[in-house]
Amino acid sequence: MFYFVALLCVLGIAVGQILFKITSGVLSETGNLFASKTLLMLFCAFSLYGITTIAWIWVLQKIELGKAYPLMALAFIIVPIGSYIFLGEKFTSQYFIGVALIMAGIIIALRA
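Residues numbered from 1 in each chain as written. Predicted model: local features only at pLDDT ≥ 70, side-chain atom pairs only at ≥ 80, totals over all residues. Heavy atoms only, no water.

(A) Expanded view of the side chain of Thr52. Position of Thr52 relative to the elements: it lies in helix α2 (residues 36-62). Owing to a relative accessible area of 6%, Thr52 belongs among the buried residues under this scheme. Within the local environment of Thr52, its side chain forms a polar contact with the backbone oxygen of Leu48, the two atoms lying 2.7 Å apart. Apart from the residues lying within four places of it in its own chain, the contact partners of Thr52 are Cys9, Gly12 and Ile13. (Helix = DSSP H or I, 4+ residues; strand = E, 2+ residues; numbered from the N terminus. Buried < 20%, exposed > 50% of the residue type's maximum accessible area, 1.4 Å probe, protein only. Polar contact = N/O pair within 3.5 Å; in protein donor to acceptor, adjacent residues only side chain to side chain. Contact = heavy atoms within 4.5 Å.)

What follows is the structure in structure tokens.
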């Protein structure tokens, strides 16, 4: 259960990063940080980060930091996948080799 919530936290952080990127595009479009469209996106990103942070604190009450923290590296995998799907960003094959190494590192760290 605790690891499931930890994974939800990682997913929330990753989605929050994508929302921040979308917010930056909206800011470029509106030209005003206080435009309602910009503020709405920024509010969504901050809200998700806030909820995720509270959940992460709960996770840290239940799991050792050394066991939970390697899961945060999954954000380095989820964010690029999301940016590819939702933002149309492109990556090279070298990038995917790096992602594979991150995944291997997560597996090794969690089994240690």
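(B) Here's a closer look at the environment of Thr53. Among the secondary structure elements, Thr53 is positioned in helix α2. Thr53 sits in the partly exposed class, given a relative accessible area of 42%. Distance in space between the C-alpha atoms of Thr53 and Gly25 is 25 Å, their sequence separation being 28 residues.

(C) Representation of the pattern of salt bridges within the structure. A complete count under the given rule lists one salt bridge for this structure. Measuring nitrogen to oxygen at the nearest pair gives 2.7 Å for the salt bridge that ties Lys37 to Glu29. Note on Lys37: relative accessible area 44%, which makes it partly exposed. Of the residues examined, Glu29 reaches a relative accessible area of 55% and is grouped as exposed. (Salt bridge = Lys/Arg side-chain N within 4 Å of Asp/Glu carboxyl O.)

(D) Fine view of the environment of Leu65. Here Leu65 shows up in helix α3 (residues 65-72). The spacing of Leu65 and Arg111 is 46 residues in sequence and 14 Å in space, taken between C-alpha atoms. Setting aside anything within four residues of it in sequence, one finds Leu65 in contact with Leu60 and Pro70.

(E) Structural view of the side chain of Thr23. As for its placement among the helices and strands, Thr23 is situated in helix α1 (residues 2-30). Assessed through its relative accessible area of 6%, Thr23 is described here as buried. Other than its neighbours up to four places away in sequence, Thr23 contacts Thr38, Met41 and Leu42.

(F) Expanded view of the environment of Ala6. Inspection of the secondary structure puts Ala6 in helix α1. You can call Ala6 buried: its relative accessible area is 0%. Considering only alpha carbons, one finds Ala6 and Leu19, 13 residues apart in sequence, at a separation of 20 Å. Ala6 has contacts with Trp56, Val59 and Leu71, leaving out every residue within four places of it along the chain.

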